[in-house]
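# Reading the structure
So you can see what is in the structure, the chains are spelled out below.
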Amino acid sequence: MYDYLIVGAGLFGSVCAHELKKNGKKVLVIEKRAHIAGNLYTEDNNGIHVHKYGAHIFHTNEKDIWDYVNSFVEFNRFTNSPLANYKGKLFNLPFNMNTFYQLWGVKTPSEALNEINEQRKELEGKEPSNLEEQAISLVGRDIYEILIKGYTEKQWGRKATDLPAFIIKRLPVRMTFDNNYFSDKYQGVPVGGYTKLVSNMLEGIDVELNIDYLSKRESLSQRAVKVIYTGPIDEYYDYIYGLLEYRSLCFKNECLKESNYQGNAVINYTEAEVPFTRIIEHKHFDPIETDHTIITREYPAEWKVGDEPYYPVNDEKNMALFSKYRELSQQENNVIFGGRLAEYKYYDMHQVIRSALYCIKQELNG
Ligand code: FDA
């Protein structure tokens, strides 16, 4: 008999498993996919670590979380500095002095600010009523049209004028020549890929793959005193209140017989006419000398049951539905719900680790 059955070998489940084992508990992890690591999973393709469920860059301001992940695996100092390709022209991201130089030829922060402020005037005095107006009110029309509009419309599958203004709360503009996307103190990618990080977390712990907990929940639950469930909360309750909505993604991988396709890990395609949102070239995350390279085109997609749920649609309707499911989950005595799917929440990796550590601390301290 195990003390805990953990459903899902993603980051939340694996941190919980590791912490419980460290505290003398007997743990079984089951996973419905054929591999561990959840959406962090990287697959080794002749030395190139392919991020199978989308590009993952670890970043945090919290030293204890950084030390925690580094205790399992060495991290490199990958700096995320994506580019945008708009109609064949390249622009640096996030919006910074390099971008403003490329857009307008301006060379000083005050010239750039003048240009932005001049363009923002278009909406002066008007309360933005949709995403388009909100973006223009924050950064002006050029940045909106070239770098935001097409990308956002592809991501959401709707026109920017039909999207609510609140989706964009702020759009940071950086008045330095600095292309580092994240402003966090610590940033990197595990040397050898994310799967190694998670497999080191799970060392010495029983893990069974290709098992869907929900298809045999009664017999599986009898194998442990308590369950930690990291799958979709609505599925756990057989969708009795209805489906929680997600946006999905479709990844198309290509192996190319050249060593360096685009010279950068991430290039966004910001025009509406190109159907994908970005191209990832995996070898740049964790550099390696090879005469081939693997790229992935990322296409946003509508989600339906059976598709991979990537981004929760945290609008009013779905959040109201989620709180009904959460109420049910709070009545459970022997099941703990955690992670991005059970909490219907977008979590970055450092946040999901913090949440799992907190969950186990609560559990062990009562
Ligand atoms: P996760 O989904 O990884 O794990 C849950 C596991 O449970 C899955 O393996 C699933 O198969 C399993 N499961 C579900 N139901 C089951 C059942 N019935 N029986 C058995 N197993 C079951 N973060 C960041 O910090 N930097 C980044 O760059 C990115 N990039 C990024 C790109 C994209 C496209 C997305 C969608 C997300 C990111 N993230 C990110 C976020 C990151 O992916 C996220 O923080 C973690 O995957 C969350 O880990 P969880 O364990 O919560 O979920």
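Values in this document were obtained by computation on a predicted structure and should not be read as measured data. (Residues numbered from 1 in each chain as written. Predicted model: local features only at pLDDT ≥ 70, side-chain atom pairs only at ≥ 80, totals over all residues.)

## Notes on the domain arrangement of the chain
Taken domain by domain, the chain consists of domain 1 (2-79 + 186-245 + 312-365) and domain 2 (94-167). For domain 1 versus domain 2, the distance between C-alpha centres works out to 36 Å. (Domains from an automatic or database assignment.)

## As for the packing of helix H1 (residues 11-22) against helix H11 (residues 349-365)
Between H1 and H11, the least distance of the axes is 9 Å, while the angle of their chain directions is 40°. For the element pair H1 / H11, the angle class is oblique. You can see that H1 and H11 cross each other, and the crossing is right-handed. Of H11, the residues touching H1 (which contributes Leu11, Phe12, Val15, Cys16, Glu19 and Leu20) are Met349, Val352, Ile353, Ser355, Ala356, Leu357, Cys359 and Ile360. Here the residues of the contact of H1 with H11 are counted per class, giving twelve nonpolar, one polar and one charged. (Axes fitted to C-alpha atoms, helices over the stretch in contact; angles between N-to-C directions. Helix = DSSP H or I, 4+ residues; strand = E, 2+ residues; numbered from the N terminus. Parallel < 35°, antiparallel > 145°, perpendicular 65-115°, else oblique. Left-handed = near helix turned anticlockwise from the far one by under 90°. Contact = placed C-beta atoms within 7 Å. Nonpolar A, V, L, I, M, F, W, Y, C, P; charged D, E, K, R; others polar.)

## Some thoughts on the environment of alanine 17
Inspection of the secondary structure assignment puts alanine 17 in helix H1. With 28 C-beta atoms counted inside 10 Å, the residue alanine 17 sits in the buried group. With 165 residues separating them in the primary sequence, alanine 17 and phenylalanine 182 have C-alpha atoms 29 Å apart. Excluding its chain neighbours within four sequence positions, the residues that come into contact with alanine 17 are Ile6, Val27, Val29, Leu202 and Ile205. (Buried ≥ 20, exposed ≤ 12 C-beta atoms within 10 Å, placed from the backbone.)

## Structural notes on the pairing of strand S4 (residues 48-51)
Neither face of S4 is open: one carries Ile48 and Val50, the other His49 and His51, and all of them are buried. Examined bridge by bridge, strand S3 (residues 42-45) and S4 share four bridges and lie antiparallel to one another. By the bridge assignment for S4, glutamate 43 is matched with valine 50. Joining the antiparallel neighbours S3 and S4 is a turn of two residues, in which asparagine 46 adopts a positive phi near 45°. (Pairing = 2+ DSSP bridges.)

## Focus: helix H3 (residues 97-104)
Here H3 has its buried residues at Met97, Thr99 and Phe100. Across the axial projection of H3, the buried residues extend over an arc of 155°, all falling on one side. Among the structural elements, strand S7 (89-92) and helix H4 (109-120) are those in contact with the buried residues of H3. Backbone geometry just after H3 places glycine 105 at a positive phi near 80°. (Arc of directions from axis to C-beta.)

## Overview of the sheet that holds strand S14 (residues 293-302)
Taken together, seven strands build an open sheet; the order of strands is S7-S6-S12-S13-S14-S11-S15 and the sheet is mixed. In this open sheet, the two edge strands, each paired with only one partner strand, are S7 and strand S15 (311-312). Where helix H6 (residues 141-156) meets the sheet, it contacts strand S6 (83-86), S7, strand S12 (266-269) and S14, and its direction lies at approximately 90° from that of S6.

## A few points about the sheet that holds strand S9 (residues 206-208)
One open sheet holds the five strands; their spatial order is S9-S2-S1-S10-S16, and the pairing between them is parallel. With partners counted over all chains shown, the strands left at the sheet margins are S9 and strand S16 (335-337), one partner each. With strand direction ignored, the average angle separating the axes of adjacent strands in the sheet is 20°.

## A closer look at the packing of helix H5 (residues 131-139) against H6
A pair of packed helices is captured by two measures, namely the crossing angle of their axes and the spacing between those axes. It is at 9 Å that the axes of H5 and H6 come closest, and there the two elements cross at 145°. Crossing handedness for the pair H5 and H6: right-handed. Across the interface between the two elements, Leu131, Glu132, Ala135, Ile136 and Val139 of H5 pack against Arg141, Ile143, Tyr144, Ile148 and Thr152 of H6. Looking at the contact of H5 with H6 residue by residue, the class counts come to seven nonpolar, one polar and two charged.

## Focus: the UniProt feature "domain: UDP-galactopyranose mutase C-terminal" (unreviewed entry) in the chain
In the UniProt entry, the feature "domain: UDP-galactopyranose mutase C-terminal" (unreviewed entry) is given for residues 147-346. Structurally, residues 147-346 is divided into 21% helix and 23% strand, and its ends, taken at the C-alpha atoms, are 23 Å apart. (UniProt positions renumbered as here; feature names shortened; annotations may be inferred.)

## Section: the pairing of strand S1 (residues 2-7)
In terms of strand pairing, S1 meets strand S10 (residues 224-229) through five bridges, oriented parallel. Within S10, the position partnered with valine 7 by the bridge is tyrosine 229. Note that S1 and strand S2 (residues 27-30) share four bridges and pair parallel. Opposite tyrosine 4, over in S2, you have valine 27 as the bridge partner. Between the parallel elements S1 and S2, the chain passes through H1 in a crossover that is right-handed. (Right-handed = clockwise from strand over helix to strand, strands pointing away.)

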